[in-house]
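Residue-level listing of the chains:
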Amino acid sequence: MVRMSGRPTNTPRVVIVGGGFGGLAAAKALRKAPVQVILIDRTNHHVFQPLLYQVATSVLAPSQMSSPIRGILRKHKNTMVIMGDVTGVDKEQRCVFVNDADREHVPVHYDYLILATGVRHSYFGHNEFEKFAPGLKSLADAVAIRNKILSAFELAEAEDNVDLRRDLLTFVLVGAGPTGVEMAAALAVFVRTTLRSEFRRINPTSARIVLIDAARKVLGTFAPSLSDAAEQHLQKLGVEIHLGQAVEKIDSEGVTFGGQRITSKTVIWTAGVAPSPAGKWLGAETDRAGRVRVQSDLSVRGHSEIFVIGDTASLDQDGKPLAGVAQVAMQQGRYAGKLIRRRIAGKNSLKPFRYFDKGTMAVVGKGYAVVQSGKLHIHGLLAWLAWAFIHITFLAQLSLKISVFLQWAWLFLTGQRGSQLIVNYHGSESIPTASPAVSSDRGSPPVTVTALSTK
């Protein structure tokens, strides 16, 4: 960190903030460039975010959809990886400020800066919801939600009070976009296949899965025909859908929306996202959501050496803002890396960035997906096979491609999942019982619970 704090002299230095899809694409584009690349991320791993819900529903283990950033870039001799938290940018001094394990506010200078800092949860002004409704944006989030779901079934198995057992087996997801739909479908399949034979006192198939959204349809960015197909398939899986009704309150006992109240011990936020504070760091123009408005070459107005890409950037194409999806971030990362290479080589600049839309897709349970690519709209098993092939293709390492393919094939054939472990990373505490042990309404004797894990 001390050596990096000095201003670059001979070899141009490119600092990339963020090891997501955009940041990695930029680093790969600069692999053979005559530059020194420093990639900074607050974690040491890259997460394949489209599959986070599969960790949360025990389809995949965390190691099957995440890779160490150093491993991905191990052949990039001009690239250094630093685990640290970027807290600000000084445009005049051309440096970013980094906190690491034992230092704070260390300046790391750059000749070119690429900000690919992604998004975080947005509760639309109701930050008090976060305590009771965790979101799904990181590997830690996915593991925590998996712990919460599995713990709910364990508590229900030991619970004698019928009403409390019902509340424990009620799962509410707020937000019917791709994440909410995929999560709800995967959870419905989970309880109706894998879990149904693993418990003796409860019937996992009686679990109530509720999907809520203020919008009028699920998968709002998809064509109406695909949205309707997805909604119908969710209903076939037993998912209860409430649309056009905004959430008014979330607390430890459940959710209030549209004048209704659903009591639930497990609420998951799959609704909104907000960009990182990059706009504040730069003092740059932002859109209503807080994303940095960039020029056609992805640079910040007045600072051609600073690029903002992915979910952090706001760029209109054909009169519409580009979506915050992985393909946009990857294409922008490659563009920014290639543009820097041309500038260093003294070549003409590139044409303005233009996103090539390869289509969007969402999986809605086992063997069913919806795919939209231009005028091509398909749903069902064929769409699911296309979804599986594309997602395996874009995994970062060959070992992950093989592992995920085998796991999906095994799950499809047998219904057996990856990791169903409740792992408590904060000590070995016991799960607090939902209520004192009492006799059930049907007169069965109370159950003595001797050892259960919290998470």
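The sections below set out a description of the structure shown in this document.

**Regarding the environment of G88**
No. 1: One can find G88 in strand β6 (residues 85–90).
No. 2: Here the alpha-carbon distance between G88 and P107, two residues 19 residues apart in the chain, equals 9.3 Å.
No. 3: If near-sequence neighbours (up to four positions away) are discounted, G88 is found in contact with C95, V96, F97 and W281.

**A few points about a nonpolar patch on the surface**
No. 1: A surface patch of nonpolar side chains, amounting to about 530 Å² of accessible area, comprises L381, L382, L385, F412 and L413.
No. 2: Counting residues per element, the ones that place at least two in the nonpolar patch are α10 (381–393) and α11 (398–414).
No. 3: If one sorts the elements of the nonpolar patch by residue count, α10 sits on top with three residues.
No. 4: Mapped onto the elements of the fold, L382 is located in helix α10.

**Side note on the side chain of Q331**
No. 1: Within the fold, Q331 resides in helix α9 (residues 326–344).
No. 2: With a relative accessible area of 11%, Q331 lands in the buried category.
No. 3: Only 2.9 Å separates the side chain of Q331 from the backbone oxygen of F356, close enough to count as a polar contact.
No. 4: Those residues in contact with Q331, other than ones at most four positions away along the chain, are F353, R354, Y355, F356 and K358.

**Observations regarding the packing of α10 against α11**
No. 1: Interhelical geometry of α10 versus α11 gives an angle of 155° and a closest axis separation of 9 Å. If you check the angle between α10 and α11, you find them roughly antiparallel. Facing W384, W387, A388, H391, I392 and T393 of α10, the residues of α11 in contact are K401, V404, F405, W408 and F412.
No. 2: A class-by-class count of the residues in the contact of α10 with α11 yields eight nonpolar, two polar and one charged.

**Observations concerning the side chain of Q407**
No. 1: With respect to the secondary-structure elements, Q407 resides in helix α11.
No. 2: Using a relative accessible area of 13% as the deciding quantity, one classes Q407 as buried.

Scoring rules and cut-offs
- Residues numbered from 1 in each chain as written.
- Predicted model: local features only at pLDDT ≥ 70, side-chain atom pairs only at ≥ 80, totals over all residues.
- Heavy atoms only, no water.
- Helix = DSSP H or I, 4+ residues; strand = E, 2+ residues; numbered from the N terminus.
- Contact = heavy atoms within 4.5 Å.
- Patch = residues over 30% accessible without salt bridge, like charges linked within 9 Å, V, L, I, M, F, W, Y side chains within 5 Å.
- Areas by Shrake-Rupley, 256 points an atom, 1.4 Å probe, with all protein chains shown as cover.
- Salt bridge = Lys/Arg side-chain N within 4 Å of Asp/Glu carboxyl O.
- Buried < 20%, exposed > 50% of the residue type's maximum accessible area, 1.4 Å probe, protein only.
- Polar contact = N/O pair within 3.5 Å; in protein donor to acceptor, adjacent residues only side chain to side chain.
- Axes fitted to C-alpha atoms, helices over the stretch in contact; angles between N-to-C directions.
- Parallel < 35°, antiparallel > 145°, perpendicular 65-115°, else oblique.
- Nonpolar A, V, L, I, M, F, W, Y, C, P; charged D, E, K, R; others polar.

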